[in-house]
Amino acid sequence: MQHLCKAANLDWEIDSARTESYHIGEKPHFESQRVCKENGIEIGHLHARKFIHSDFKQFDRIYAMSTDVLAEMKLIAGNYWEEDKIQLFLDVEQETKGQSVKDPWYGPPSGYDEVYAVIEKGCRAILKKYHTNDLL
């Protein structure tokens, strides 16, 4: 998303967080780094952080990659929960509404390529929804 925002000359603040505690502080999975690098994006400098309730105050929109993560975010957010700020990532397109992004962790390396394509398509749909630009 940061890569697409930069290409569209947008200064949107983009961040990523996880709801589970494991891998906090670690770099992205080596297969994620590989597929991004093959697509001209460097993510090796990123480190995992935990989703916190105040993310609802900091961000205008929040996207959950899966239904179980959405449920966990609601628990973490508690009184900070804002229904109108959050949705499933794949809800941005009608044909994938209600679906979760598949986790490629336990599958073959090609799963990371497939998930990259799904995420890029979703990011482009989000940008088209909130910004008009010929680059999209």
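Structure: see above.
Residues numbered from 1 in each chain as written. Predicted model: local features only at pLDDT ≥ 70, side-chain atom pairs only at ≥ 80, totals over all residues. Heavy atoms only, no water.

1. Quick look at the pattern of salt bridges
Now for step 1: Counted by the stated rule, this structure contains ten salt bridges.
Now for step 2: Among the salt bridges present, the one from Arg34 reaches Asp113, with a minimum N-O distance of 3.0 Å. Taken together, the positions of Arg34 in helix α2 (residues 30-38) and Asp113 in helix α5 (residues 110-130) put the pair 79 residues apart, joining distant regions of the chain.
Now for step 3: Judged by relative accessible area, which is 30%, Asp113 ranks as partly exposed. (Salt bridge = Lys/Arg side-chain N within 4 Å of Asp/Glu carboxyl O. Helix = DSSP H or I, 4+ residues; strand = E, 2+ residues; numbered from the N terminus. Buried < 20%, exposed > 50% of the residue type's maximum accessible area, 1.4 Å probe, protein only.)

2. Concerning the nonpolar core
The nonpolar side chains of a soluble globular protein tend to be buried with one another.
Now for step 1: Leu4, Cys5, Ala8, Leu10, Tyr63, Phe89, Leu90, Val101, Val115, Cys123, Ile126 and Leu127 form the largest nonpolar core, which has twelve residues in total.
Now for step 2: If you list the elements that add at least two residues to this core, you get α1 (2-7) and α5.
Now for step 3: The biggest single contributor to this core is α5, with four residues.
Now for step 4: Apart from the residues lying within four places of it in its own chain, the contact partners of Val101 are Met65, Phe89, Leu90, Val115 and Ile119.
Now for step 5: Counting residues in each nonpolar core, the second largest holds ten residues, with Ile62, Ala64, Ala77 and Ile86 among its members. (Core = buried A, V, L, I, M, F, W, Y, C linked by side-chain atoms within 4.5 Å. Contact = heavy atoms within 4.5 Å.)

3. Considering the side chain of Thr19
Now for step 1: Residue position: Thr19 is located in the loop between α1 and α2.
Now for step 2: A polar side-chain atom of Thr19 sits 2.6 Å from a polar atom in the side chain of Glu72.
Now for step 3: Contact partners of Thr19, with chain neighbours within four places excluded, come to Lys50, Phe51, Val69, Glu72, Met73 and Ile76. (Polar contact = N/O pair within 3.5 Å; in protein donor to acceptor, adjacent residues only side chain to side chain.)

4. Some words on the environment of Tyr106
Now for step 1: Here Tyr106 is to be found in the loop between β2 (86-88) and α5.
Now for step 2: Residue Tyr106 is classed as exposed on the basis of its relative accessible area of 78%.
Now for step 3: In the structure, Tyr106 is positioned 42 residues away from Ala64 in sequence and 20 Å away in space, judged by C-alpha atoms.

From the geometry alone we can't say anything about function, so treat these as descriptive.
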